[in-house]
Amino acid sequence: MSTKRVLITGGAGFLGSHLCDRYLDEGYKVICMDNLLTGSAENISHLMGNEDFEFIKHDVTNFIHVQGELDLILHFASPASPVDYLEMPIQTLKVGSLGTHKALGLAKEKDARFLLASTSEVYGDPLTHPQKENYWGNVNPIGHRGVYDEAKRFAEAMAMAYHRYHGIETRIVRIFNTYGARMRLHDGRALPTFMRQALNDKPLTVYGDGSQTRSFMYVDDLVEGVWRLSQSDYVEPVNIGNPEEITILEFAKEIIEITGSDSDIIFEELPKDDPQIRQPDINKAKEILDWEPTYDRTEGLSLALEYFRKKVLDS
Ligand code: UDP
């Protein structure tokens, strides 16, 4: 049997680069495509020179050309932190819409399976708790976050249309908050921000009163979930996330504790449309993929801490 080939868009990003590692480990030839807008060459520098790995610098909102056969496309290209997509609203909308269209067109051309990185943001500021895949969401289309949320909702619709109309094998993963090595210190998300602040003994900036909740998953669990979904025959969206829910204020306190920092907590204005609650219902992933998270927050955070310590020292 010939070696399988996977194209990973956004492959130089936080999640994409971990997926490059995993699919190489699984014996795939990996083509990593990224325009390095929010991804970085550093995330994949250890793979340069690996003959099963190829990097193509390309913006997937433009026609995508890949030589040879492809078995699988993992479409992970997109700014993914609120700060990034507020700064790059048009690119965010374009990559979710035009980029997904181009990547699906390539899947059709190559008769490849297509896996879309979708997001818990499709649930918006949810009115049900925890969020199940059959919840349609509460998204403000014209809000600041709308550029990401609606692009991902469009991307899901597009994937399903290619599946239904063209018979493409599509998979949709709805990813909840994920953390780990290779996050950017300044990407604006809660964890890297709190780590950077705590490790520099600066005050931690909690938005609002910190009563909003999130459920944080360690990156290796996400990678395992994506791997399993890509090997499955399940077409409808699957939540991948860690149901351990925590308020942002408690989370900030945890980071102060595990870093052994003397930092205080200060409160800043809550961004508009910031979801109040978020927790995945993962029964579907358990049933269909036999997947559940294996890292609890204490374990995951202590692994992430090693990375952030080094990153802060180098910065
Ligand atoms: N947040 C915060 N302080 C920060 C950064 C983020 O309190 O310096 C809050 C943010 O308002 C949100 C939560 O932490 O309620 C998670 O934000 P993040 O950007 O990590 O991801 P989101 O889940 O909102 O996409």
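No experiment lies behind these values; they were computed from the predicted model shown.

1. A few points about the overall build of the protein
When you go through the protein residue by residue, the secondary structure sums to nine helices and 13 strands. A globule of 315 residues ought to have a C-alpha radius of gyration of about 20 Å, and the protein, at 19 Å, matches this closely. Along the first, second and third principal axes, the C-alpha atoms of the protein reach 55 × 45 × 40 Å. Within the protein, buried positions represent 55% of all 315 residues.

2. A short note on helix α7 (residues 248-259)
Within an α-helix, residues lying three or four positions from one another point in the same direction, as the helix has 3.6 residues per turn. For α7, spanning 12 residues, the distance from its first C-alpha to its last is 16 Å, which sits close to the expected 16 Å at 1.5 Å a residue. When we look at burial in α7, the residues that qualify are Ile248, Leu249, Phe251, Ala252, Ile255, Ile256 and Thr259. Around the axis of α7, the buried residues are gathered within 160 degrees of arc, so they sit on the same side. Buried residues along α7 sit in contact with α5 (190-199), β8 (204-207), β9 (213-215), β12 (245-247), β13 (265-268) and α9 (297-314). Among the residues trailing α7, Gly260 stands out with phi positive, at a value near 65 degrees.

3. Brief notes about the environment of Pro293
Among the structural elements, Pro293 can be located in the loop between α8 (283-289) and α9. Along the backbone, Pro293 and Leu70 are 223 residues apart, and their C-alpha atoms lie at a distance of 30 Å. If we ignore the near neighbours within four places in the chain, the residues touching Pro293 are Asp221, Gly241, Asn242, Pro243 and Ile282.

4. A closer look at the site of the ligand
The immediate surroundings of the ligand are formed by 18 residues, with Thr205, Tyr207, Arg214, Asp274 and Arg278 found nearest. Measuring from an oxygen atom of the ligand, one finds a side-chain N or O atom of Asp274 at 2.6 Å. Contact with the protein chains covers 96% of the free accessible surface of the ligand, which is 520 Å². If you list the elements that add at least two residues to the shell around the ligand, you get α5 and β8.

5. What to know about the pairing of strand β6 (residues 170-175)
β6 sits mainly inside the fold: six of its six residues count as buried. Every second residue of β6 is oriented toward a common face, with Thr170, Ile172 and Arg174 on one face and Arg171, Val173 and Ile175 on the other, all of them buried. Strand direction decides the pairing type here: strand β5 (residues 113-119) and β6, joined by six bridges, are parallel. Pairing of Leu115 across the sheet is with Arg171, part of β6. Handedness of the β-α-β unit built from β5, helix α4 (residues 146-166) and β6 comes out right-handed.

6. Notes on the packing of α5 against α7
Across the interface, α5 lies against α7 with an axial gap of 9 Å and an inter-helix angle of 40 degrees. As judged from the angle between their axes, α5 and α7 are oblique. For the element pair α5 and α7, the recorded crossing hand is right-handed. Along its contact with α5, which presents Leu191, Phe194, Met195, Ala198 and Leu199, the element α7 presents Ile248, Phe251, Ala252, Ile255, Ile258 and Thr259. Grouping the amino acids of the contact of α5 with α7 by side-chain chemistry returns 10 nonpolar, one polar and no charged.

7. A look at the packing of aromatic side chains
Across all of its chains, the model carries 11 aromatic pairs by this definition. When the ring of Tyr85 is compared with that of Tyr148, the centres are 4.5 Å apart and the planes differ by 5 degrees; the resulting orientation is stacked. Taken as a pair, Tyr85 in helix α2 (residues 82-87) and Tyr148 in helix α4 lie far apart in primary sequence, 63 residues in all. Their ring planes at 25 degrees and their centres at 6.0 Å tell us that Tyr123 and Tyr135 sit as a pair that is stacked. Taken together, the residues span a long stretch of sequence, with Tyr123 in the loop between β5 and α4 and Tyr135 in the loop between β5 and α4 at a distance of 12 residues. Taking relative accessible area as the criterion, Tyr123 reaches 1% and is therefore assigned buried. Taken together through their ring pairs, the aromatic side chains of Tyr23, Tyr28 and Trp227 make up a single cluster.

Cut-offs used in this document
- Residue numbers restart at each chain and count upward from 1, following the sequence in its written direction.
- Confidence filtering applies because this is a predicted model: local features only for residues at pLDDT of at least 70, side-chain atom pairs given and counted only at 80 or more, and all residues used for totals across whole chains, interfaces and linings.
- The side-chain figures draw on all heavy atoms in the structure; neither hydrogens nor water molecules are used.
- In this text, helices come from DSSP runs of H or I with a minimum length of four residues, and strands from runs of E with a minimum of two, each type numbered from the N-terminal end.
- In this description the radius of gyration comes from C-alpha coordinates, and the expected globular size is given by 2.2 Å times residues to the power 0.38.
- The classification of residues rests on relative accessible area computed with a 1.4 Å probe and restricted to protein chains. Under 20% of the type maximum is buried, over 50% is exposed, and intermediate values are partly exposed.
- Residue count minus one, scaled by 1.5 Å, sets the expected span of a helix.
- For this quantity, the arc is that covered by the directions from the helix axis to the C-beta atoms.
- Two residues qualify as a contact provided that any one of their heavy atoms is within 4.5 Å of a heavy atom in the partner residue.
- By convention in this text, a residue qualifies as near a molecule or strand provided that one of its non-hydrogen atoms is within 4 Å of it.
- Pairing of N or O atoms within 3.5 Å defines a polar contact, subject to two protein rules: one partner must be a possible hydrogen donor and the other a possible acceptor, and residues neighboring in sequence count only if both atoms are side-chain atoms.
- Surface exposure here means Shrake-Rupley accessible area, sampled with a 1.4 Å probe, where a residue is shielded only by the protein chains that are shown.
- Pairing between strands requires that DSSP locate at least two bridges from one strand to the other.
- Orient the strands so they point away from the viewer, and a crossover whose first-strand-to-second-strand path over the helix runs clockwise is right-handed.
- Here, axes are lines fitted to C-alpha atoms. For helices the fit covers the stretch in contact, and angles between N-to-C directions go from 0 to 180 degrees.
- Just so you know how the angles are binned, under 35 degrees is roughly parallel, over 145 roughly antiparallel, 65 to 115 roughly perpendicular, and the rest oblique.
- What makes a crossing left-handed is the near helix being turned counterclockwise from the far one by less than a right angle; a clockwise turn instead makes it right-handed.
- Here the nonpolar group is Ala, Val, Leu, Ile, Met, Phe, Trp, Tyr, Cys and Pro; Asp, Glu, Lys and Arg are the charged ones; every other residue, Gly included, is treated as polar.
- Only Phe, Tyr and Trp rings take part, Trp by its six-membered ring, and two of them pair if their centres are within 6.5 Å. Stacked means planes under 30 degrees apart, edge-to-face means over 60, and tilted covers everything else.

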